[in-house]
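# Structural overview
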Amino acid sequence: MPTPQHQEVVHHLTTVLDGPADAAGLDVHHVVNVRLGPARIVIPDLVIARPVDPHGRVVDASAVVLVAEVVSAHSAVLDRVLKMHLYAEAGIAWYLVVEPDGDAVSLRLFGLDDGNYGLRATAAPGDPLTLVEPVTVTVESRVLAP
């Protein structure tokens, strides 16, 4: 299970993204089953998705427009390499990597381009990250810090 710090960062990120996602007709879900393929289900920290069946046990990757992972010591390689590859392969347009480091948080936003993610924006600890897709919002990294 994620640490309390990890959960706190996910909670703050959910709070920041919820209103802008709602305004765009999208939903924010955290810790939800996402089907990436016929035999592949992952549980990202947070997704922004088109409306899905609220009683369904799995969200199909085709409904997901952004996936976010909060990197922790035990998941660093998975989040930075493996999951990034799997999400790109599934066609998820945006990937947000949240990197807590002590009491600070940095952010990296990747966009899908020809089947691979390219770095679109970064925010050093204390700096804001502005998204214009799939939602319009400025994420203040200092607000996410535990």
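If you're wondering where the values come from, they're calculated on a predicted model, not measured in any experiment.

Once that is clear, we can look at the overall build of the protein. Within the protein, the secondary structure is distributed over three helices and 11 strands. Walking the protein from its N terminus toward its C terminus, one meets helices and strands in the order α-β-β-β-β-β-β-α-β-β-β-β-β-α. The globule rule puts the C-alpha radius of gyration for 146 residues at 15 Å, and the 14 Å found for the protein is close to it. Projected onto its principal axes, the C-alpha positions of the protein cover 40 × 35 × 30 Å. For the protein, with 146 residues in total, the buried portion stands at 44%. A separation threshold of at least 6 residues defines the contact pool for the protein, and within that pool the share at least 24 residues apart is 46%. Here the protein displays about 7600 Å² of accessible surface, and carbon together with sulfur accounts for 53% of that area. Put simply, the protein has 9 plus and 18 minus side-chain charges, and the middle of one group is 6 Å from the middle of the other.

Time to look at the packing of aromatic side chains. The tally for this structure, following the rule as stated, stands at three aromatic pairs. Centroid distance Tyr 87 to Tyr 95: 5.3 Å. Interplanar angle 65 degrees. Geometry classified as edge-to-face. Accessibility assignment for this pair places Tyr 87 and Tyr 95 in one class, buried. Among the aromatic residues, those joined into a ring-pair cluster are Tyr 87, Tyr 95, Phe 110 and Tyr 117.

What counts as what
- Residues numbered from 1 in each chain as written.
- Predicted model: local features only at pLDDT ≥ 70, side-chain atom pairs only at ≥ 80, totals over all residues.
- Heavy atoms only, no water.
- Helix = DSSP H or I, 4+ residues; strand = E, 2+ residues; numbered from the N terminus.
- Rg over C-alpha atoms; globule rule 2.2 N^0.38 Å.
- Buried < 20%, exposed > 50% of the residue type's maximum accessible area, 1.4 Å probe, protein only.
- Contact = heavy atoms within 4.5 Å.
- Areas by Shrake-Rupley, 256 points an atom, 1.4 Å probe, with all protein chains shown as cover.
- Lys, Arg positive; Asp, Glu negative; His and termini not counted.
- Charge placed at Lys NZ, Arg CZ, Asp CG, Glu CD.
- Phe/Tyr/Trp six-rings, centres within 6.5 Å; stacked < 30°, edge-to-face > 60°.

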